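Structure at a glance
Given next are the chains, with one letter for each unit.
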Amino acid sequence: DFYKRQLTAQQWLESHGVGASQAAAYVGAIFATMAADSAAPKPGTFAALVAEQTPGGVNEMVWKGQNEDGAYEALAHSLTSAHHRFVTGTIDPDLAPAAKR
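About the thresholds
Residues numbered from 1 in each chain as written. Predicted model: local features only at pLDDT ≥ 70, side-chain atom pairs only at ≥ 80, totals over all residues. Heavy atoms only, no water. Helix = DSSP H or I, 4+ residues; strand = E, 2+ residues; numbered from the N terminus. Polar contact = N/O pair within 3.5 Å; in protein donor to acceptor, adjacent residues only side chain to side chain. Contact = heavy atoms within 4.5 Å. Salt bridge = Lys/Arg side-chain N within 4 Å of Asp/Glu carboxyl O. Buried < 20%, exposed > 50% of the residue type's maximum accessible area, 1.4 Å probe, protein only.

Concerning the side chain of Glu60
Within the element layout of this structure, Glu60 appears in helix H4 (residues 58-68). Only 2.5 Å separates the side chain of Glu60 from the backbone nitrogen of Gly56, close enough to count as a polar contact. The residues touching Glu60, leaving out its near neighbours within four places in the chain, are Gln53, Thr54 and Pro55.

Structure representation (C-alpha cells):
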C-alpha cells in the first residue's frame with residue numbers, strides 16, 4: 001500500500017505536467033518525511049499526527065475525502081483478509097475486496 005500510494009501520487013503529478021524525475025523526488029521526500037514523523041511511535045502517536053493537521057488545510061481535506069470515500073474502511077477490510085490468510089493459510093471469499101463480493 002505504501003509504494004502503491006507513492007506510485008499513484010507520482011503518476012498524478014506527471015499527469016499534471018511535472019517531470020518524472022521531479023515527481024519521483026518530490027513524492028519520495030514527502031513520504032520519507034511522513035515516515036520519519038512516525039518512526040518511533042507511542043500508542044497515541046498516529047492519532048496525534050492526524051489531530052494536528054491544520055483545520056481546513058489540504059492534508060485534512062485529503063484524509064477526510066479518503067475517509068468519506070471509504071478508503072480507510074477498505075484498508076481495515078484488507079487487513080482483516082490478510083490476517084485471516086496468515087492465521088488459517090486460506091483465502092476467505094467472503095473477505096474479498098468489495099468489488100468482488
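Here's the deal with the pattern of salt bridges
Side-chain pairing between opposite charges can occur once the charged atoms of the two side chains come close. Under the definition given, this model contains two salt bridges. The partner of Arg5 in a salt bridge is Asp1, with the nearest N and O atoms 3.0 Å apart. For Arg5, a relative accessible area of 31% gives the class partly exposed. Residue classification places Asp1 among the exposed positions, given a relative accessible area of 59%. Salt-bridge contacts for Lys64 lead to Glu60; the nearest nitrogen and oxygen are separated by 3.5 Å. Taken together, the residues Lys64 and Glu60, both in helix H4 and four residues apart, mark about one turn of the helix. For Glu60, a relative accessible area of 15% translates into the label buried.

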